[in-house]
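In case you want the letters, here they are:
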Amino acid sequence: MQFYLTQPVPVTHGHVLFLDSPWALTSISQAQFWDCDFPATYGDGTVADCLSVDISSWDTPGILYGKPARECSRAQIAAEVWAQLCDGLNGAGRTRLHEGLLHSWELDPAVRNLDGPGPAVNDEPLLINTTGSWAARPRAVTAAANLFMAGDYVRSPVNLATMEGANQAARLAVNALLEAAGGAGVPAAVHALHQPGELRRLKEVDAELFGQGRAHIMDGLPPWKVSARV
């Protein structure tokens, strides 16, 4: 969902991960990445930023109504997400978000039936990679000679449901198409996901703990030690 704000709220130059939020929220402040006069270009001239939010857990009770997202109305979801954002960004003498900043909000119209009747439906669910899902995902090349697959769900070196992952899958599909057509075109470059060397040892420790049947190093830490921004 998107929250439209009357003032810029950049937070950080990238994604914010609200690791202690019940609905597993992530957000990104859009205006800082757009090379334009944001208020003059978008909306009614009073919108200075767009805080774009992903809701990853729809089955965990929230902090306002004690209900999971799939059992809330659209208005309740907006209020709940805003409350969880404020809980994650405000505190320790700082206030990043407050009601005076909120111009309006929009929840993805692909999420239907939240106000009833019947159960909530998501027409465009986001792929979240889970253990063992790699084997169930298609390759760019299929058994059909004239069918090629591209999208964030296709196996690619960027094993993540992102635009970058879909881009790499598309490159694999184009290269397969060129090869099948016997074309002389230059293949598209395929890039692997960058792996920061600074995180290598943390991954090794995690693997060692997992192999011993022990919990992740962050499990059991208080929420204020778990919150992270990247």
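Just so we're clear, the structure is a prediction, and the values are computed from it rather than from any experiment. (Residues numbered from 1 in each chain as written. Predicted model: local features only at pLDDT ≥ 70, side-chain atom pairs only at ≥ 80, totals over all residues. Heavy atoms only, no water.)

Visitor: Would you mind going over the packing of aromatic side chains with me for this structure?
Guide: The relation between two aromatic rings is expressed through the spacing of the ring centres and the mutual angle of the planes. Evaluation of the coordinates by the stated rule reveals 3 aromatic pairs. The rings of Trp 34, Phe 38 and Tyr 42 are connected pair by pair, giving a single aromatic cluster. (Phe/Tyr/Trp six-rings, centres within 6.5 Å; stacked < 30°, edge-to-face > 60°.)

Visitor: Is there a simple way to think about the nonpolar core in this case?
Guide: Within soluble globular proteins, side chains that are nonpolar tend to cluster in buried spots. Counting residues in each nonpolar core, the largest one holds 27 residues, and the members touching the most others are Met 1, Phe 3, Ile 77, Val 81, Leu 85 and Leu 97. Contributions of two or more residues to this core are made by β1 (2-5), β4 (49-55) and α2 (74-89). If one sorts the elements of this core by residue count, α2 sits on top with 7 residues. Sequence-distant contacts of Leu 97, that is, excluding residues within four places in its chain, are made with Leu 5, Val 9, Leu 51, Trp 82, Leu 85, Cys 86, Leu 89 and Asn 90. (Core = buried A, V, L, I, M, F, W, Y, C linked by side-chain atoms within 4.5 Å. Buried < 20%, exposed > 50% of the residue type's maximum accessible area, 1.4 Å probe, protein only. Helix = DSSP H or I, 4+ residues; strand = E, 2+ residues; numbered from the N terminus. Contact = heavy atoms within 4.5 Å.)

Visitor: I'm lost on the pattern of salt bridges in this one. Help?
Guide: When the charged atoms of two side chains lie near each other, side chains of opposite charge can form a pair. What the rule picks out here adds up to 5 salt bridges. Across the pair Arg 112 and Asp 123 runs a salt bridge whose closest N-O atoms are separated by 2.6 Å. With Arg 112 in strand β6 (residues 111-112) and Asp 123 in the loop between β7 (121-122) and α3 (163-181), this pair connects stretches of sequence that are 11 residues apart. Arg 201 serves as the salt-bridge partner of Glu 208, at 3.3 Å between the closest nitrogen and oxygen. Through salt bridges with shared partners, a single network forms among Arg 200, Arg 201, Glu 204 and Glu 208. (Salt bridge = Lys/Arg side-chain N within 4 Å of Asp/Glu carboxyl O.)

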